Every structure is written in structure tokens, then in C-alpha cells.
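Descriptive structure summary
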Amino acid sequence: MSFFHKRTKADAALKYFHKPPGYYNCAQAIFKAFQEEYQITNNQIVELAKYGNGKAPNGYCGAYYAALELIKDNPDLKEEFTRRFQEKSDYLTCFDIRFNYSMSCKNLVKLAANLLDEIHSEQKDSE
């Protein structure tokens, strides 16, 4: 990493994913990385503990599910995020991703954080 490397949301999410002190799961790591932007409470992050390891609603990947939760009030962003996520990961459910070895959980956390950041930047640029 160069001296001038700008820390990304993906860097932040990976800093929290399965590492001390929180040992956050994929969904929690996404919420933690975007905590300031979305005014997420620590209690909300704790609540997402139940959505790791394939336990998100509909069996979704936890990182994917958490990102969708953050943009749930914007159907256009949700649709674009889903399209881009699936384009890179091939699947949306934890089972399918793991069964088909399409991506590691660490890479899915990175992907979800990067895509969410990209989509927000594009939305700000178009305003």
C-alpha cells in the first residue's frame, strides 16, 4: 500500500470483518463501514449478528443483504446494486455462492462495500 493510499469503505469493512475486537460477520462489517453516513447505531450493528453465515432473509449473502438494507428506500439504487453485485458474484444467496465457489466471503464484503460506495458517488455526481 502506498503512502498516499486513500482508505475506501471496502478497507473499512475488511478491517471489521472477522477481526477483533468485534469479530463482525459480513452484514455487520458493511453496516460498520457505513455507520457514519447512515447514522447507524451500535445496537443496529449488533442486531445484524443473526444474519451471517447464510442466515440473512431469503438466504441472501449477508454483505449483499446489509447493503440493500442501507439503500432500501431507493428502488433504483437497489436494482442497480443488485445488477452489479450479481454480475460480479454470479449469485445472491450464500448457499449458491459457497456451493459454486464463486467468491470468498472476504471478497463479497469488499465487493458490496465498493459497489455501494460507487453507486453513492455516481448518484451525488448526477445531482
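Everything in this summary refers to the structure shown in the same document.

It is worth spelling out the environment of Tyr101 at this point. Relative to the assigned elements, Tyr101 resides in the loop between helix H6 (94-99) and helix H7 (105-126). According to the relative accessible area criterion, Tyr101 is exposed, its value standing at 75%.

On to the nonpolar core, then. Counting 40 residues, the largest nonpolar core has Ile30, Phe81, Phe85 and Val109 as the members making the most contacts within it. Residue assignment for this core shows that the elements contributing at least two residues are helix H1 (9-16), helix H2 (26-33), helix H4 (62-70), helix H5 (75-89) and H7. In terms of residues, this core owes the most to one element, H7, which gives 8 residues. Once residues lying within four places of it in the same chain are set aside, the contact partners of Phe81 are Tyr64, Ala67, Leu68, Ile71, Ala112, Leu115, Leu116 and Ile119.

Pairing is possible between side chains that carry opposite charge, provided their charged atoms lie close to one another. Across all of its chains, the model carries 8 salt bridges by this definition. As a salt-bridge pair, Glu80 and Arg84 come within 2.6 Å of each other at their nearest N and O atoms. With Glu80 and Arg84 both in helix H5 and 4 residues apart, the pair spans about one turn of that helix.

The rules we used
- Position numbers for residues count from 1 along each chain, tracking the sequence in the order it is written.
- Totals for whole chains, interfaces and linings use every residue, but because this is a predicted model, local features are given only for residues with pLDDT of at least 70 and side-chain atom pairs only at 80 or more, for both listing and counting.
- Note: side-chain values were computed over all heavy atoms of the structure, leaving out hydrogens and water.
- Runs of E in the DSSP output that reach at least two residues are strands. Runs of H or I that reach at least four are helices, and both are numbered from the N terminus.
- Note on classification: 1.4 Å probe, protein chains only; a residue is buried when its accessible area is under 20% of the maximum for its type, exposed when over 50%, partly exposed between these limits.
- The set of buried Ala, Val, Leu, Ile, Met, Phe, Trp, Tyr and Cys residues whose side-chain atoms join them within 4.5 Å is what this entry labels a nonpolar core.
- Every residue pair with non-hydrogen atoms within 4.5 Å of one another is taken to be in contact.
- Any Lys or Arg side-chain nitrogen located within 4 Å of an Asp or Glu carboxyl oxygen qualifies as a salt bridge.

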